[in-house]
Structure formats: C-alpha cells, structure tokens
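What follows is each chain in one-letter form.
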Amino acid sequence: MTAVEVPPPDRFDWFVETVSSALMPSAFSARDPAGFHAEGAFLDLGTAQLSRFAFSPLHSRRTPALIRRGDPEQYQLGLVTRGSACYAQGAGEAKLRAGDMVLWDTSRPYESRSGLDGGSVEALVLQIPKAAMPLAGRQVERLLARRVDGGAGMGAVLAQFLAAVAGNGPGVRPQDLGRLGGVAVELAVSCLVQQLGGEAEPPDAARTHVLLRRIDTFIEQNLADPGLTPRAVAEAHHISLRRLYTLFQERAAHAHGPGAAGGAEGVAASIRRRRLERCRADLARPQLRRHPVHVIAARWGFPNAAAFSRAFRAAYGTTPQAYRAAAAESWSSCA
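Residues numbered from 1 in each chain as written. Predicted model: local features only at pLDDT ≥ 70, side-chain atom pairs only at ≥ 80, totals over all residues. Heavy atoms only, no water.

K.L.:
Could you clarify how one ought to interpret the overall build of the protein chain in this entry?
P.N.:
Each helix and strand in the protein chain was counted, giving twelve helices and eleven strands. In the protein chain, which comprises 335 residues, the proportion classed as buried is 46%. Total accessible area computed for the protein chain in this model is approximately 16800 Å², and 52% of it derives from carbon and sulfur atoms. With 39 positive and 31 negative side-chain charges, the protein chain shows a spacing of 6 Å between the two charge centroids. (Helix = DSSP H or I, 4+ residues; strand = E, 2+ residues; numbered from the N terminus. Buried < 20%, exposed > 50% of the residue type's maximum accessible area, 1.4 Å probe, protein only. Areas by Shrake-Rupley, 256 points an atom, 1.4 Å probe, with all protein chains shown as cover. Lys, Arg positive; Asp, Glu negative; His and termini not counted. Charge placed at Lys NZ, Arg CZ, Asp CG, Glu CD.)

K.L.:
How should I be thinking about the pattern of salt bridges in this particular structure?
P.N.:
Following the criterion strictly, the structure yields 13 salt bridges and no others. Its salt-bridge partner being D282, residue R285 comes within 3.1 Å of it at the nearest N-O pair. For R285, a relative accessible area of 31% puts it in the partly exposed group. Of the residues examined, D282 reaches a relative accessible area of 4% and is grouped as buried. A single salt-bridge network, built from bridges that share partners, covers D105, R108, K130 and E141. (Salt bridge = Lys/Arg side-chain N within 4 Å of Asp/Glu carboxyl O.)

K.L.:
Would you mind going over the pairing of strand β9 (residues 110–114) with me for this structure?
P.N.:
Walk down a regular strand and you will see the side chains alternate between the two sheet faces. Only one face of β9 is buried, namely the one carrying Y110, S112 and S114, since none of E111 and R113 on the opposite face is buried. As paired strands, strand β4 (residues 58–62) and β9 are joined by five bridges and run antiparallel to one another. Bridging across to β9, R62 finds its partner in Y110. Sheet topology note: the strand β6 (residues 84–89)/β9 ladder contains four bridges and is antiparallel. Bridging across to β9, C86 finds its partner in R113. (Pairing = 2+ DSSP bridges.)

K.L.:
Explanation requested: the sheet that holds strand β5 (residues 74–82) in the structure shown.
P.N.:
Pairing in this open sheet of six strands is antiparallel, and the strands run β2-β3-β10-β5-β8-β11 from one edge to the other. A strand with exactly one partner marks an edge of an open sheet, and here the two such strands are β2 (38–44) and β11 (148–149). Direction of pairing for strand β8 (residues 100–105) relative to β11: antiparallel, over a ladder of two bridges. Counted as the bridge partner of D100 is D149 from β11. Along the sheet face, helix α1 (residues 11–22) touches β2, β3 (49–55) and β10 (121–129) and points at about 20 degrees away from the line of β2. Where helix α4 (residues 153–168) meets the sheet, its contacts fall on β2, β3, β5, β8, β10 and β11, and the angle it forms with β10 comes to roughly 100 degrees. (Contact = heavy atoms within 4.5 Å. Axes fitted to C-alpha atoms, helices over the stretch in contact; angles between N-to-C directions.)

K.L.:
Help me out: how do you make sense of unusual backbone geometry in this one?
P.N.:
A negative phi holds for most residues other than glycine; trans holds for most peptide bonds. Not every positive phi belongs to a glycine, and E73 is a case in point at roughly 55 degrees. Turning to its location among the elements, E73 is positioned in the loop between α2 (64–69) and β5.

K.L.:
Which parts of the structure should I look at to understand α1?
P.N.:
Counting along an α-helix, one turn takes 3.6 residues, and residues three or four places apart therefore face a common direction. With twelve residues, α1 should cover 16 Å at 1.5 Å per step; its first-to-last C-alpha distance of 16 Å lies within 8% of that length. Those residues of α1 not exposed but buried are R11, F12, W14, F15, T18, V19, S20 and A22. Elements that come into contact with the buried residues of α1 comprise β1 (27–30), β2, β3, β4 and β10. (Expected span 1.5 Å × (residues − 1).)

K.L.:
In this structure, what is going on with the packing of aromatic side chains? I would like to understand it.
P.N.:
Both the distance between ring centres and the angle between the ring planes are used here to describe each pair of aromatic rings. Summed over all chains, the structure comprises 13 aromatic pairs. Residues F302 and F308 carry aromatic rings whose centres are separated by 5.2 Å and whose planes lie at 50 degrees to one another, so their mutual orientation is tilted. Note on F302: relative accessible area 10%, which makes it buried. Every member of this aromatic cluster is reached through a ring pair, and the members are F12, F15, F28, F36, F42, F53 and F55. (Phe/Tyr/Trp six-rings, centres within 6.5 Å; stacked < 30°, edge-to-face > 60°.)

K.L.:
Hey, could you run me through the layout of surface pockets in this one?
P.N.:
It is a probe the size of a water molecule, rolled over the atoms, that shows where empty space is left. Its boundaries defined by the atoms lining it, the largest pocket holds a volume of some 550 Å³. Lining the largest pocket are 18 residues, and of these G46, T47, R214, Q221 and H237 lie nearest its centre. Counting residues per element, the ones that place at least two in the lining of the largest pocket are α5 (174–195), α6 (204–221) and α7 (230–236). By residue number, the principal contributor to the lining of the largest pocket is α6, which donates six residues. Residue composition of the lining of the largest pocket, by class: six nonpolar, eight polar and four charged. (1 Å grid on protein atoms, 1.4 Å probe; cavity = no way out; pocket = protein on both sides within 12 Å on 5 of 7 lines; lining within 4 Å. Points joined across faces, edges and corners; volume = space filled by probe spheres on them. Nonpolar A, V, L, I, M, F, W, Y, C, P; charged D, E, K, R; others polar.)

K.L.:
Would you mind going over the sheet that holds β6 with me for this structure?
P.N.:
Pairing between sheet strands relies on hydrogen bonds along the backbone, with the strands arranged either parallel or antiparallel. Taken in spatial order, the five strands line up as β1-β4-β9-β6-β7 in an open sheet, and their pairing is antiparallel. Among the strands making up the open sheet, the edge pair consists of β1 and β7 (92–97). Across the sheet, the mean angle from the axis of one strand to that of its neighbour is 10 degrees, orientation sign disregarded. With four bridges joining them, β1 and β4 adopt antiparallel strand pairing. The partner of A30 across the bridge, within β4, is L58. The strands that α1 touches are β1 and β4; relative to β1, the one it contacts most, it runs at about 150 degrees.

K.L.:
Any chance you could explain the environment of A297 here in plain terms?
P.N.:
Within the fold, A297 resides in helix α10 (residues 293–299). As a C-alpha pair, A297 and A325 span 28 residues in sequence and 16 Å in three-dimensional space. Those residues in contact with A297 that sit more than four places away from it in its chain are C279, F302 and F308.

Here it is as structure tokens:
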C-alpha cells in the first residue's frame, strides 16, 4: 500500500489509520502533514506478523487511553533500515540509526520520534504475541526501549533474516509462511537472550507452554473445519503426531497426576469437547432458534447429524433437541 494514490491532504490521516489498525492505536503528529508521504506492507507469518513502513518524519505516542481503546497484547520489535529514530518506554530510551533494533510492549505507554535528521524513515516491525514469548515478563521488561545492535551477533542474524523475509515474503508459498513465523520468533528470542547478558536459553518447559498455547489457539480458530484432526494439528505446527500426543499426555499428567489419561484420545477428545461446547451454546441462543440442529452441528465441524446427536447425549446426558427445548422454556419464563 502506498499513500501516493491518496490525495495529498489525506495522506497523513491514511497513515495514522493504517498503522493504528495494523500495529496498535497510536497518536501521531507530523512536521509537514501537507507534504507527508508513506508506504506500508504486511505479511502474515502465522505465529507472528511482519510489517514494513516508509514514512516522513513524525512523532508518535501511545497513551493509557489508547491502550484501553485497543491492545493486541504483543511485543513488537522494530528494525530501522533507513533514517533515524528515538524510542522511549518505561525507564528505557533508545536512539537508533539504520541497522539498529528496539523492542516495545503494546500494553505500556511509549513515545517515539522518527526522522531525527529530517529525512524519511524505513522500518520493519515484527509483531510477536505475548503468548508466543517464552521469556518471562520481568526479563523482557529489562529490554524495552533498549538499543539492539543489528550488525553483530544474533542481532545481525535476526536483522538479515527479517530483511530477507520482507523482500521475498510475497513470493513464498502460503504453506511455508507459518514456518517462517516460527523461525522469526525463535531468532528474536535468541537475540533477546543474548541481550540479557548470556543467560541460558529459555527452559524446555517454557517452550512447551508456548507451543501448547499456540496449539490451543489453532484448535479454537479451526473448530468449524471438519478436517481438524490430531494429524492436521500436528502438521500445522510442524511436529510429529507422537509429539502432539505426548504434549497432551504430559499436560494431563501435570494437571491431574501421573495416572491421567492422554495420548491420541486426549487430542481428539479436546477437539470434540470444544466443538460440543460451541454447539450447546448455540442451541441455547434464542436468536438461533430457527436454525435446525443439524445446521448448528455442521457449523462446528459435525457433518454427520446422527454422530453429533450421540456425542451430545454422551457428553450432556440429553439429546440436542431436548436441550434446546429446555433452554426455550427458560427463555419463556424470563420473558
């Protein structure tokens, strides 16, 4: 996207709306709104998102009010590829030149000034969900608004990788974008660990926790797909089916003790339980009372009405029709 196609008087407003939507709600002021120019591009990497921006000098702020308006709950890592900038958040303040990086937290106020030398700025922004960050929050806090050298060590590896993905990402096969997102997050974490002064890599338990959170989110987002199976989940996360079963088994053992059930049944049962919960909720909604039961079942990944009815009865001790009728009586009594 480019502001060239936008009428000059509207270009600054276009940029504000674009950035606030793609990254987070922020307040901006430009030195020359009438002569403002900008470009933007976005690449969904599954686990993370990579954005590229080029823009005229400006000042941006994120206030508590803007945080309340919208918070993607991310850590965002910016790489300046041209120009200069200054970022401040909490106790940190970083002055950046081309090749430098900086990390900020979308849940905290911050302030930045770009184009300190009067020239335009180009930057890449890697958006990492907090759920995908294995480092403890207290560790990440030490790195906020601190300059990270993108020309040495893991910083150089990360900077080169992000630049390569931004340059070639649009031509990458869709099925490979998720893998690139995972690599980007891993490199970012390794870079941050190095910045912490040589602390050990995140423990396996933290990485496992993050992976399970990603798997849970994936399942929730794909419940309506009848093709959502344990194998599909494993393939989407580039792990073996055995590894997936082990993850669920270990989580069950941790939650309920060593004798807890798990394995393949645990993954399939988790998918089935979540689907049934969605169906039960829809059957109890007055606004969906005209939707046939089999339509609601299919909506949540149960294409076979008979199989759905059996699963529903096994889970809740009643048929879908009887459950809906009981819910309808409660609607009437509350009317």
